[in-house]
Amino acid sequence: RAMAAEGGGGAGRQLPPHSPSGLVLQTVEMHTGGEPLRIIPRLEAAEEAVAAGGLSLLSLRREVAATQDHVRRALVHEPRGHAGMYGAVVVRGGAAAGGAHLAALFLHGAGYSAMCGHAVLALGRFALDYGLVASPSRPETAVRLRCPCGPVTAFVPWDGCCSGNPVRFHSVPAFAAATDLPIDVPGYGKVVVDIGYGGTFYAFLSAEQLGLDVRSSKTRDLVNAASAVTEAVKKQFKLHHPESEDLAFLYGTILTDGKDAFSEEPTTNICVFADEQVDRSPTGSGVTARIALQYHKGLIQLNQTRTFRSSTTGSLFTGKAVQ
């Protein structure tokens, strides 16, 4: 106030927000392997929609997109967010039914996802540290989450006081949707892709098919190529999900180093999803889908752990097929 008064005429002026009816949201900022997660612990409009209509999480996803998209834009886009921002709305009550500790809606620059592995890993720690699990157990606590694609379970270290790393999760059933699928990509020619599902669908191919190297090419060149593949696959292949057509959409393309056969050495990939958004982590749902494809092709066996590296940050995820 003193500074405002010295500037002239500003004495007594209140700091923003100026309107008592204006929307004020608290967020918790986390990241997994470099990929951000802006958590909204409570969104009253989502809770009210669940209470009024008993909506499924997929239905709530549609409702929030139709009526509360200003919240996503405000939190994910500039100036509060950035081109790589990612978010999660925590939903409790009816949408977290079925014994789950919490449900989550996932937000990104272009809209809403059905699954997000890096968010699940972060939300597992969030749930313990914010008391959403009544009686955490040592040395590891199972945190049950409901995602739009279905139920997943995170396993989080717990020392009796706070959560720790490493966190792991069991995903929804993953599967190979198509293998060795020929696609004509304008500007790049014919390529062969695999399509896998790990809570959402991705196209996979080696960057080499596009004249690139996932480890050394410029990120902009990789993004352009992956985006071209995504658009081409959308036009030339119809996706189907056995449980819900709301899940039958291609989320993005993951370019790899082509090293799909089992090895102790990490394999590198880059995920380009939504509206040319780049995942700074190896991508939890993408790793899940890639493991499903590798297992389907007989390149890995059950319980063989593979390590996946992000081409942008170098961060590592491990994963395996367990059933």
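Just so it is clear, the structure is predicted and the values come from calculations on it, not from any experiment.

Draft legend 1. Seen up close, the domain arrangement of the protein. Examined at the domain level, the protein breaks down into domain 1 (28-170) and domain 2 (175-319). One C-alpha centre belongs to domain 1, the other to domain 2; they are set 24 Å apart. With 25 residues of domain 1 at the contact, the number on the domain 2 side is 23 residues. Carbon and sulfur atoms make up 57% of the surface buried where domain 1 meets domain 2, a total of about 1600 Å² over both sides. For the pair domain 1 and domain 2, the number of links is 1 salt bridge. A salt bridge links Asp246 to Arg62, with the shortest nitrogen-to-oxygen separation between them at 2.2 Å. Secondary-structure elements contributing two or more residues to the side of domain 1 that touches domain 2 are β2 (35-40), α3 (57-67) and α5 (117-129).

Draft legend 2. Representation of the layout of surface pockets. One number sums up the size of the largest pocket: a volume of about 1100 Å³. Around the largest pocket, the lining comprises 33 residues; the ones closest to its centre are Phe169, His170, Thr318, Gly319 and Lys320. Among the elements of the structure, β1 (28-32), α5, β8 (168-170), α7 (284-296) and β16 (316-319) are those that each provide at least two residues to the lining of the largest pocket. Top element by residues in the lining of the largest pocket is α7. It accounts for 6 residues. Taken together, the residues that form the lining of the largest pocket break down as 18 nonpolar, 12 polar and 3 charged.

Draft legend 3. Representation of the packing of aromatic side chains. Within this structure, the stated rule accounts for 9 aromatic pairs. Their ring planes at 20° and their centres at 4.9 Å tell us that Phe175 and Tyr197 sit as a pair that is stacked. In this pair, Phe175 sits in strand β9 (residues 175-185) while Tyr197 sits in strand β10 (residues 189-197), placing the two residues 22 residues apart along the sequence. Measuring from centroid to centroid gives 5.8 Å for Tyr202 and Tyr251, while their planes differ by 55°, and the two rings are tilted. Separated by 49 residues along the polypeptide, Tyr202 in strand β11 (residues 201-206) and Tyr251 in strand β12 (residues 250-256) bring together distant segments of the chain. By the burial criterion, Tyr202 is buried, and Tyr251 matches it. For the cation-ring pair, Arg168 lies above Phe155, with the distance from its terminal atom to the ring centre recorded as 4.3 Å.

Draft legend 4. Highlighting the side chain of Gln294. Note that Gln294 resides in helix α7. The exposure class assigned to Gln294 is buried, which follows from its relative accessible area of 1%. Apart from the residues lying within four places of it in its own chain, the contact partners of Gln294 are Lys259, Asp260, Leu299, Ile300, Arg306 and Phe308.

Draft legend 5. Spotlight on unusual backbone geometry. A cis amide bond, omega 0°, links Arg138 with the succeeding residue Pro139. Structurally, the position occupied by Pro139 is in the loop between α5 and β6 (140-147). The omega angle of the peptide bond from Asn165 to Pro166 is 0°, so this bond is cis rather than trans. Relative to the helices and strands, Pro166 is located in the loop between β7 (150-157) and β8. Its identity is not glycine, yet Asp180 carries a phi of approximately 55°, on the positive side. Along the polypeptide, Asp180 turns up in strand β9. Taking the relative accessible area as the measure of exposure, Asp180 reaches 51% and is therefore exposed. Positive phi outside glycine occurs at Asn303, with the angle close to 70°.

Calculation rules
Residues numbered from 1 in each chain as written. Predicted model: local features only at pLDDT ≥ 70, side-chain atom pairs only at ≥ 80, totals over all residues. Heavy atoms only, no water. Domains from an automatic or database assignment. Contact = heavy atoms within 4.5 Å. Buried area = accessible area lost by both parts, 1.4 Å probe. Salt bridge = Lys/Arg side-chain N within 4 Å of Asp/Glu carboxyl O. Helix = DSSP H or I, 4+ residues; strand = E, 2+ residues; numbered from the N terminus. 1 Å grid on protein atoms, 1.4 Å probe; cavity = no way out; pocket = protein on both sides within 12 Å on 5 of 7 lines; lining within 4 Å. Points joined across faces, edges and corners; volume = space filled by probe spheres on them. Nonpolar A, V, L, I, M, F, W, Y, C, P; charged D, E, K, R; others polar. Phe/Tyr/Trp six-rings, centres within 6.5 Å; stacked < 30°, edge-to-face > 60°. Buried < 20%, exposed > 50% of the residue type's maximum accessible area, 1.4 Å probe, protein only. Lys NZ or Arg CZ within 6 Å of the ring centre and 35° of its normal.

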